[in-house]
Amino acid sequence: MTTFEAGWEAAVSAALDAAVPGSVELGALAYVERLLTALDHDPPRIWAAPGRWDGPLGQPEPGAPAWLELGPWERQAWAQRLAGFREAYERVADGAPTEDDLRMVHHHASEATYGDPAYGGNRGGGGWARIGFPEPLHPPAREGGEGATA
Amino acid sequence: MSDVDCDAVVVGSGPGGATAAEVLTAAGWSVIVLEKGRNHLLSLEAPHEPLRHFANDEIAAHRRFLLGPDPLLEPRTYRRTEADGERLAVGNVNNLPSTVGGGGIHADAKLPRFLEEDFCLRSTRGPVEGASVEDWPLAYDDLEPHYTAVEQLFGVAGDAEANPFAAWRSAPYPLPPGDDMPMAVVTSEAAERAGFHPYRAPTGINSIAADGRPACTDCGYCGGYGCPVQAKSDPIAALQRALRTGRCDLRPESYVTEIVRDASGRRATGVRYLDLREHPEPSVREVRAHHVVLAAGAFETPRLLLRQGLGGDLVGRYLTYHYQTFTVGIFGRDTGGERGRSVTHLHDDLLIDGPGLRAVAREAGLPWVRGGVVEHGAGHMPVEESTTYGPGEHHLPSMRDSALRRRFWVFTMQGEDLPQAANRIDLDPSVTDAWGLPAGRVTYAPHRHELVASAHAGPVHEAILRDAGAQAAFTATSPPQGDLDLHATANPLGIAPASKHVMGTARMGADPTTSVVSPEQRLWDCDNVLVCDSSVFVTSTGYNPTLTLAALAHRASTLLVGGGR
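Since the structure is predicted, the reported quantities are computational estimates derived from the model, not experimental observations.

Take helix α2 (residues 28–36) of chain A next. Taken across its 9 residues, α2 of chain A has 8 buried, putting it largely inside the fold. Of all the positions in α2 of chain A, only Ala28, Leu29, Ala30, Tyr31, Val32, Glu33, Leu35 and Leu36 of chain A are classed as buried. On its buried face, α2 of chain A is in contact with α1 (8–19), α3 (72–93) and α4 (99–114) of chain A together with α2 (58–63) of chain B.

In terms of nonpolar packing, the biggest core is built from 134 residues, with Leu16 of chain A together with Trp136, Phe154, Ile259, Val271, Leu294 and Leu523 of chain B touching the most fellow members. In terms of residues, this core owes the most to one element, helix α14 (residues 546–562) of chain B, which gives 8 residues. Other than its neighbours up to four places away in sequence, Val271 of chain B contacts Val9, Val11, Leu34, Val256, Glu258, Ile259, Val260, Arg285, Glu286, Val287 and Val292 of chain B. Counting residues in each nonpolar core, the second largest holds 35 residues, with Val128, Leu350, Val369 and Val374 of chain B among its members.

This part takes up the pattern of salt bridges. Once their charged atoms are close, side chains differing in charge can pair, the charge on each being opposite to the other. Residues and elements named next belong to chain B. As enumerated under the stated definition, the model contains 49 salt bridges over all chains in all. Linking Glu286 and Arg272 is a salt bridge whose minimum nitrogen-to-oxygen distance equals 3.1 Å. You can see Glu286 sitting in strand β9 (residues 284–294) and its partner Arg272 sitting in strand β8 (residues 268–275), a full 14 residues away along the chain. Classification of Glu286 by relative accessible area gives partly exposed; the value is 35%. Note that Arg277 and Asp275 form a salt bridge whose closest N and O atoms lie 2.7 Å from each other. Accessibility expressed as a relative area gives 2% for Asp275, which makes it buried. Overlapping salt bridges bring together Lys36, Glu74, Arg76, Glu300, Arg303 and Asp433 as one network.

With that settled, consider α3 of chain A. Note that an α-helix has 3.6 residues per turn; residues three or four places apart therefore point the same way. Residues and elements named next belong to chain A. Taking 1.5 Å as the rise per residue, α3 with 22 residues should run 32 Å; its terminal C-alpha atoms sit 31 Å apart, in good agreement. Against α1, α2 and α4 lie the buried residues of α3. Gly95 lies just past α3 and shows a positive phi near 80°.

Let us look at the packing of aromatic side chains. Residues and elements named next belong to chain B. Under the definition given, this model contains 15 aromatic pairs over all chains. For the ring pair Trp136 and Phe537, a centre distance of 5.3 Å and an interplane angle of 50° mean the geometry is tilted. Of the two residues, Trp136 sits in the loop between α4 (121–124) and α5 (140–154) while Phe537 sits in the loop between β18 (526–531) and α14, which places them 401 residues apart along the sequence. The pair Trp136 / Phe537 is uniform in exposure class, with both members buried. Pairing Tyr255 with Trp435 gives two aromatic rings, centres 5.3 Å apart and planes at 75°, and the pair type is edge-to-face. Of this pair, Tyr255 sits in strand β7 (residues 254–261) while Trp435 is found in the loop between β14 (424–432) and β15 (438–443), placing the two residues 180 residues apart along the sequence. By the burial criterion, Tyr255 is buried, and Trp435 matches it.

As a further point, take the sheet that holds strand β13 (residues 408–415) of chain B. Across a sheet, paired strands are connected by hydrogen bonds in the backbone, their directions being either parallel or antiparallel. Residue and element names in this part refer to chain B. Spatial strand order, β5-β11-β12-β13-β10-β16: 6 strands in an open sheet with antiparallel pairing. Of all strands in the sheet, those with a lone pairing partner are β5 (199–200) and β16 (470–478), marking the two edges. Inspection of the sheet shows strand β11 (residues 343–347) paired to strand β12 (residues 372–377) by 4 bridges, in the antiparallel sense. Note that in β12 the partner of Val343 across the bridge is Gly377.

Time to look at the state of the cysteines. All names here are of chain B. If you walk through the whole model with that rule in mind, you get 0 disulfides over all chains. There is no disulfide at Cys219, and the cysteine sulfur nearest it, in Cys227, is 6.4 Å away. A relative accessible area of 8% means that Cys219 is categorised as buried. This cysteine, Cys248, is not joined by any disulfide, and Cys6 carries the nearest cysteine sulfur, 9.5 Å off. Here Cys248 falls in the buried class, since its relative accessible area comes to 12%.

Next up on the list: the pairing of strand β6 (residues 248–251) of chain B. Residues and elements named next belong to chain B. Only one face of β6 is buried, namely the one carrying Cys248 and Leu250, since none of Asp249 and Arg251 on the opposite face is buried. Examined bridge by bridge, strand β2 (residues 31–34) and β6 share 4 bridges and lie parallel to one another. Paired with Val33 across the bridge in β6 is Leu250.

Turning next to the sheet that holds β14 of chain B. Residue and element names in this part refer to chain B. The strand order β4-β3-β15-β14 describes an open sheet built from 4 strands, whose pairing is mixed. Single-partner strands in this sheet number two, and they are β4 (89–91) and β14. On average, each strand axis in the sheet is inclined to that of its neighbour by 30°, with strand direction left out of account. Two elements, strand β3 (residues 76–79) and β15, share 3 bridges in a ladder whose sense is parallel. Note on β15: the bridge partner recorded for Tyr78 is Val442. Relative to the sheet, helix α8 (residues 297–308) contacts β3, β14 and β15, its axis offset from that of β14 by approximately 65°.

The predicted coordinates ought not to be read in detail in places where the model reports low pLDDT. Residues and elements named next belong to chain A. In the predicted model, chain A carries a mean pLDDT of 86, and the fraction of residues at 70 or more is 79%. pLDDT under 50 marks residues 53–58. Its contacts with residues more than four places away, or in other chains, come to 15 contacts. Here residues 143–150 scores under 50 on pLDDT; set against residues more than four positions off or in separate chains, the count is 19 contacts.

Rules of the game
Residues numbered from 1 in each chain as written. Chains lettered and ligands numbered in written order. Predicted model: local features only at pLDDT ≥ 70, side-chain atom pairs only at ≥ 80, totals over all residues. Heavy atoms only, no water. Buried < 20%, exposed > 50% of the residue type's maximum accessible area, 1.4 Å probe, protein only. Helix = DSSP H or I, 4+ residues; strand = E, 2+ residues; numbered from the N terminus. Contact = heavy atoms within 4.5 Å. Core = buried A, V, L, I, M, F, W, Y, C linked by side-chain atoms within 4.5 Å. Salt bridge = Lys/Arg side-chain N within 4 Å of Asp/Glu carboxyl O. Expected span 1.5 Å × (residues − 1). Phe/Tyr/Trp six-rings, centres within 6.5 Å; stacked < 30°, edge-to-face > 60°. Pairing = 2+ DSSP bridges. Disulfide = S-S within 2.5 Å. Axes fitted to C-alpha atoms, helices over the stretch in contact; angles between N-to-C directions. pLDDT = per-residue confidence, 0-100.

Rendered as structure tokens:
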């Protein structure tokens, strides 16, 4: 993990946990790091792919791409968006976040806690378990995190 | 060498464009469909099987713009009236999906027909001051065969006998109704006790395996999501049929920027588009065609016409949504909204003329009042819910208690929105999209009629939900009511209409001085250009628009075929 400079983790973790208590234990920091580095991968790790289904309740086909391809204009938009996120996290780490920055942290902590584990948060579905949310019937590929096939 | 590339070029691949493509290719015409968005729906190679890019994934669908458009690329702007200045907000304003399949991808596919009266409201109810209530240039009877045809095409699941207010029909629904959401049965019984007539919603979702696609699995990720198993038929069924004729060429990432015309200016010879597969300088390409079919939706179709001064002075005007009234019941137990098709039951009673609504109108000094179809449903997005609760120690208890997910049930009234000339889409004077074209701008404020209808519906529905067992009930609206100036400063997008039902910006009519398209949906000033989306609606009615816009596209395309190439 190279996204956060030394010393960032503590401040960002504190902000994430302040927004959604318990989010860091469920992987919120990893979620944010994967988001900020999403374009370092090909395909970018923006949209987890469900793969191909053999039937209505089947499983993803082995070897299917774990992430959906972005179009070139979508890459442009995400590069712009992620640059904005990175600047906001710098302010968080520096102890000088704006209201918008804190709103972003709240949203990311929510995504990390209650979104699909493929994105690096909600470790083991623990976020869903703690609120009694049922596992999805048709999740995106669970192998979509670190080491995913392209 | 032919002087055209195809008989018809269709702009947009949503329910309107897909239906038009199906009709035209079935008649032997060659068609090119240009879609601005990406393709996540079906293979472009025969036999055009689903791509299966969709999953039960709130992050992709709702947080990361999988279905498009990305507001950083395609911003829209919003203001209530001209008094707000050039704009109040820039961003996601009523964004329908920009992807192959268009709005049909994200909808939960409720497909009711309109009533007979919906086509002749001016005649049956009369005018309303400050609004432009007009009759449509066609009657329900004219459209009925096309309603039947698109119900067959989409494989609509429903019970033809269930709704006592429904218009006559020449054929039953092709599929039986899908599974009921248990809480919808409870709230329907309560609605019946209040004298209402709830019924199982007709939906374009397979209740049984059909048309080569499986039955719905009731996964719960319906409204707002692409279907993981493609049980939603609208619009994949029509696109697949068109493509499988071998006469349809579907081109995603093709952004139409211009309707090309001949020297007279009154005849289209094709369109030009940007090839968005290329970056950062997309090539401009041209498709030459005998006919142009615009099906880009009631936001993008007028935006294209306005850029070229086509269609006359009324293009963009009479924009309508549905004025949405959300009555929320908080129950002491789980409502089961995490599984099912989001909405399985409806009631129409507040659209039907009767003593109660007449009294409401009389008291408000209005000639009449109509509400809208009421959807019995729920949502279940935990990420969205989490962003609703504030940070801190109360967050987790709130999520566990889950008043806004596990224990809630909502009546959503899609209230009839009266057309007003001042409500419109136009071109923002300075905001542009990623390709330098002016952004579309919404100017919209509801008529007093909508507020009166909503104010009546809220307490009525709160009482029904309490009777159904709700511990508490409250009502909210979109746009919100009250003093909005604070919101206009702090969160202006929060006061823009949330409704995705966008209609009426290229009105159809029999008189070229008061309409944009003819009864055959041809532009009056360029008659080989058809409009096959909800732009042509004369009134919004109080019903979900998709089936009707598809039926209109079916009718207009059938008439076009009848006239020859």
